[in-house]
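Structure at a glance
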Amino acid sequence: MNPILKAENLSYVYGAGTPFEKTAIDNINLEIYENEFIGVIGRTGSGKSTLIQHFNGILRPTSGSLYYDGSNCWAKGFSRNMLRFNVGLVFQYPEYQLFEETVEKDIAFGPANMGLSVEEIEKRISDSLHFVGLDDDIRKSSPFEISGGQKRRVAIAGIMAMNPKVLILDEPTAGLDPKGRDDILQKLSEYRREKGSTVIIVSHNMEDVSRVCDKVLVMHDAHVEMFAPVKEVFEHAEKLCSMGLNVPQITRVFVSLKNRGFNVPSSVYTPEQACSAIIDAIGGDTE
Amino acid sequence: MIKDITIGQYFPGDSFIHNLDPRVKIVLAVLYIAFLFIIQSAAAYLFAIAVTLFLVCLTRIPLKMYLRGLKPLLFILVFTALLNVFYSSGEPLVTFWIFTITAQGIKNAIFMILRIFMLVVSTSMLTYTTSPIVLTGGLERLLSPLAKIRLPVHEFSMMMTIALRFIPTLLEETDKIMNAQKARGADFETGGLIKRAKALAPILIPLFISAFRRADDLATAMECRCYTGSAEGRTHFVEYSMSPSDYVSLVFMAVLIAAAILLNFVTVMGI
């Protein structure tokens, strides 16, 4: 199977030639396939946001190349708008970019730019509202009068309405309450399952990442440190901690249990796994 | 594009000029502009160029950065130069059709370009070597005598500080919003005037809303810290004091102006 997105020696330097010159990402090589759910983690300033802004052609790499579905995104004749419609990017705090008078008009902005018919746009609006879990009665409200959590959903719906093959979200759960957070993550999983799209989220929250993602991309100092299935990544708890990152709380508990001589695996990252691991450990002891 | 705007840009450093008292630096910048308008003769121009380049070296900021500030002025520079070349009186050098080029005209054009170049370099020098906060602080101290005649000097400088402080923030915000709308396929670059003006709405509306939100938050934060404007007894966190290098710079400036006046009477190669 061909990767949907492929980065080859991708580098980006901010403010080249000024005293503020900084290499944000350095020689990145990776392949992303259809229907993957990827979590991107890394400290502030490790290059996560810069990397994902390359995926939809907002930033032009200083060197190296990016391939979408096999074609070079910066080759002559490649339509960057086509790329942006296929790789939807939801920025951090997307609610601050709402501008229309009504929710439905705001969601229609992307599809209208794609040149879709009125009927198709109508359909996209109701579909995406359904995906983010909002009722149809919100359509005529002003995006400035609804609650913060609803604004966030409307903004995400605005990108989903373009039906992107790859949906990227930069910290989609930042500043939301626990319920709002669980809700958004669940909606994203549903979206991925129904549409078969790739979903990429940038997050600081290891619990979020461990719950919904199947692969984790760890960025450190402008480099890709690890890019592997969740289980493999959280096995390296110490390495992650040395990079100033964290592992899910439950993993930390199991790592210290193991250090104290209990016979448990250290790669546990969900409550369900924890349950069976503990049962195994106790069962083994009593026999 | 948007990041190329250099207004109020500050390059942190530790040079002689960086470390001058901001009050002195502002006075010096004004005097230097006066100096640039005093010079008339070719000898004085050569002297001024030498001094300007010397000062650029003193700041330890590459000349390239100063030249970048000239880019937006390129059109005005070329335009005034051409006007000077064609519309100066004197002995005609070349004549074709309705145009006459005089030696006087060429001289005027070169002098004009040099003067604008030095003006830009010297004013950029002030903002490149002084952080905006320090700059407005210095300005406030310089203008403080005006508070006696009930001019709101402190409020004025606070407004300046806040405005300067928010230029980079708003630029960054504009960039972010533009990218976010581009991600939805917004197109700001093609189409006629009306289409382009309409394309700005998705940027301007979120930008205004966020500016008002920030203003509101900032006002609350200031009130929480009991800010009441220039009420009696308000002190400054940083007090400026003149050091020997400040006095040296002021004397140097006085010498420069005297030299400029003298050099105006010297003729080099008949100019």
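Residues numbered from 1 in each chain as written. Chains lettered and ligands numbered in written order. Predicted model: local features only at pLDDT ≥ 70, side-chain atom pairs only at ≥ 80, totals over all residues.

Details of the overall build of chain A
Applicable threshold: Helix numbers and strand numbers start at the N terminus; a helix is a DSSP run of H or I with at least 4 residues, a strand a run of E with at least 2. Only C-alpha atoms enter the radius of gyration, while the globule expectation follows 2.2 Å times N to the 0.38, with N the number of residues. With C-beta atoms placed from the backbone, a residue is labelled by how many other C-beta atoms lie within 10 Å of its own: buried for 20 or more, exposed for 12 or fewer, partly exposed between the two. Each residue is represented by a C-beta atom placed from its backbone, and any two residues with such atoms within 7 Å are regarded as in contact.
Tallying secondary structure elements over chain A gives 11 helices and 10 strands in all. The C-alpha radius of gyration of chain A comes to 21 Å, within 12% of the 19 Å expected for a compact globule of 287 residues. By the burial criterion, 43% of the 287 residues in chain A qualify as buried. Considering only residue pairs separated by 6 or more positions, chain A has 64% of its internal contacts joining residues 24 or more positions apart.

Some details on the overall build of chain B
Within chain B one finds 10 helices and 2 strands. Sequence-ordered secondary structure for chain B, helices as α and strands as β, is α-α-α-α-β-β-α-α-α-α-α-α. Since a compact globule built from 271 residues should have a radius of gyration of about 18 Å, the 24 Å found for chain B marks it as more spread out than a globular shape. Looking at chain B residue by residue over its 271 residues, the buried ones come to 21%.

Some thoughts on the domain arrangement of chain B
All names here are of chain B. This is how the line gets drawn: Start and end points for every domain follow an automatic or database-based domain assignment. Charged means Asp, Glu, Lys or Arg here, nonpolar means Ala, Val, Leu, Ile, Met, Phe, Trp, Tyr, Cys or Pro, and polar covers whatever is left, Gly included.
Parsing chain B into structural domains produces domain 1 (1-149 + 238-271) and domain 2 (153-229). With centres defined by C-alpha atoms, the gap from domain 1 to domain 2 works out at 32 Å. Its residues assigned to classes, the side of domain 1 that touches domain 2 comprises 8 nonpolar, 3 polar and 1 charged.

Some thoughts on unusual backbone geometry
Backbone geometry follows two general trends: most residues other than glycine have a negative phi, and most peptide bonds adopt the trans configuration. Residue and element names in this part refer to chain A. Positioned with a positive phi, Asn-9 is a non-glycine residue whose angle comes to about 50 degrees. Inspection of the secondary structure puts Asn-9 in strand S1 (residues 5-14). One non-glycine residue, Ala-222, lies in the positive phi region at around 70 degrees. Positionally, Ala-222 belongs in the loop between strand S9 (215-220) and strand S10 (223-229).

Side note on the sheet that holds strand S2 (residues 22-32) of chain A
Residue and element names in this part refer to chain A. Test applied: At least two bridges found by DSSP between two strands are what make those strands a pair.
Pairing within the open sheet is antiparallel, and its 4 strands lie in the order S2-S1-S4-S5. In this open sheet, the two strands that pair with only one neighbour each are S2 and strand S5 (71-72). Where S1 meets S2, 7 bridges bridge the pair, whose relative direction is antiparallel. Bridging across to S2, Leu-10 finds its partner in Ile-28.

Digging into the domain arrangement of chain A
Residues and elements named next belong to chain A. When cut into domains, chain A gives domain 1 (5-236) and domain 2 (248-287). If you average the C-alpha positions of domain 1 and of domain 2, the two centres end up 34 Å apart. Facing 8 residues of domain 1, the contacting portion of domain 2 comprises 6 residues. Mapped by element, the contributors of at least two residues to the side of domain 1 that touches domain 2 are helix H7 (206-212) and helix H8 (230-235). Partitioning the side of domain 1 that touches domain 2 into residue classes produces 3 nonpolar, 1 polar and 4 charged.

As for the interface of chain B and chain A
Quoted interface sizes are often the accessible area lost when the parts come together. Every contact between the two is made by 16 residues of chain B and, on the other side, 19 residues of chain A. Every element with two or more residues in the side of chain B that touches chain A is listed here: helix H7 (153-182) and helix H9 (201-224) of chain B. Ranked by the residues each element gives to the side of chain B that touches chain A, the list is headed by H7(B), at 6 residues. For the side of chain B that touches chain A, the class distribution of residues is 9 nonpolar, 4 polar and 3 charged.

Focus: the environment of Pro145(B)
Residues and elements named next belong to chain B. Mapped onto the elements, Pro-145 comes out in the loop between helix H6 (132-143) and H7. Pro-145 sits in the exposed class, given 10 other C-beta atoms within 10 Å. Put simply, Pro-145 and Asp-216 are 71 residues apart on the chain and 31 Å apart in space, counted from C-alpha to C-alpha.

Points about the environment of Ser131(B)
With respect to the helices and strands, the residue Ser131(B) is situated in the loop between helix H5 (103-129) and H6. Distance from Ser131(B) to Pro12(B), taken between C-alpha atoms, is 7.7 Å for residues 119 residues apart in sequence.

Side note on the environment of Gln40(B)
Residues and elements named next belong to chain B. Relative to the elements of secondary structure, Gln-40 occurs in the loop between helix H1 (22-38) and helix H2 (42-59). With 14 C-beta atoms packed within 10 Å, Gln-40 lands in the partly exposed category. Residues Gln-40 and Val-266, 226 residues apart in the sequence, show an inter-C-alpha distance of 10 Å.

Thoughts on the confidence of the model for chain B
Residue and element names in this part refer to chain B. Formally: A residue's pLDDT is simply how confident the predictor is in it, with values from 0 to 100.
The pLDDT averaged across chain B works out to 86; a share of 94% of its residues lies at or above 70. The spread of mean pLDDT over the elements of chain B runs between strand S1 (residues 92-96), the lowest at 73, and H1, the highest at 94. As a predicted assembly, this complex carries a pTM of 0.73 together with an ipTM value of 0.84.

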